[in-house]
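Examining the three-dimensional arrangement
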Amino acid sequence: QVQLVESGGGLVQPGGSLRLSCAASGSILVIYRMGWYRQAPGKQRDLVAVITSGGTTNYADSVKGRFTISRDNAKNTVYLQMNSLKPEDTAVYYCSLDGISGRSWGQGTQVTVSS
């Protein structure tokens, strides 16, 4: 019943930046956390960053210092600012929301880092 709408993906050169957005709507009574996962070809879906209802953040080691997760509680929106992008960041990025009814997923947005 929760809908997640993502935007901001695309093609960027190595060293460039992208900002992903994910807006949640629907029957949302409580949000425990929102996050971003990514899945590269042939790989499993891995956590990139997460932010809890209290504002605590956590990042995968591979993106620490380069990516920043943030939120706008009034809009139930989570963002992922991605700087200093590398080819290995290429993946489908999925937004997630953990609420009272479980985990919801966005459809994913492609991020391609290539020259």
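Residues numbered from 1 in each chain as written. Predicted model: local features only at pLDDT ≥ 70, side-chain atom pairs only at ≥ 80, totals over all residues. Heavy atoms only, no water.

Looking now at the nonpolar core. Counting residues in each nonpolar core, the largest one holds 28 residues, and the members touching the most others are Trp36, Leu80, Met82 and Tyr93. Looking at this core, the elements that each hand over two or more residues are strand 1 (2–7), strand 3 (18–26), strand 4 (31–39), strand 5 (46–52), strand 7 (67–72), strand 8 (77–82), strand 9 (91–99) and strand 11 (109–113). Ignoring any residue separated from it by four or fewer positions in sequence, one finds Tyr93 in contact with Glu6, Leu20, Trp36, Tyr37, Arg38, Val48, Phe67, Leu80, Met82, Gly108, Thr109 and Val111. (Core = buried A, V, L, I, M, F, W, Y, C linked by side-chain atoms within 4.5 Å. Buried < 20%, exposed > 50% of the residue type's maximum accessible area, 1.4 Å probe, protein only. Helix = DSSP H or I, 4+ residues; strand = E, 2+ residues; numbered from the N terminus. Contact = heavy atoms within 4.5 Å.)

This paragraph deals with the packing of aromatic side chains. Here the structure, examined in full by the defined rule, presents two aromatic pairs. On the basis of an interplanar angle of 70° and a centroid distance of 5.0 Å, the ring pair of Tyr37 and Trp105 is categorised as edge-to-face. Of this pair, Tyr37 sits in strand 4 while Trp105 sits in strand 10 (residues 102–105); the two residues are 68 residues apart in sequence, bridging distant segments of the chain. You can call Trp105 partly exposed: its relative accessible area is 32%. Seen from their ring centres, Tyr94 and Trp105 are 6.5 Å apart, and the 90° between their planes marks the pair as edge-to-face. One end of the pair, Tyr94, is in strand 9; the other, Trp105, is in strand 10, with 11 residues separating them in the sequence. In this structure Tyr94 comes out as buried when scored by relative accessible area, which is 13%. What links up through ring pairs into an aromatic cluster is the set Tyr37, Tyr94 and Trp105. Taking the ring centre of Tyr94 as reference, the NZ or CZ of Arg45 above it sits at 3.6 Å. The ring of Trp105 carries Arg45 above its face, with NZ or CZ at 4.5 Å from the centroid. (Phe/Tyr/Trp six-rings, centres within 6.5 Å; stacked < 30°, edge-to-face > 60°. Lys NZ or Arg CZ within 6 Å of the ring centre and 35° of its normal.)

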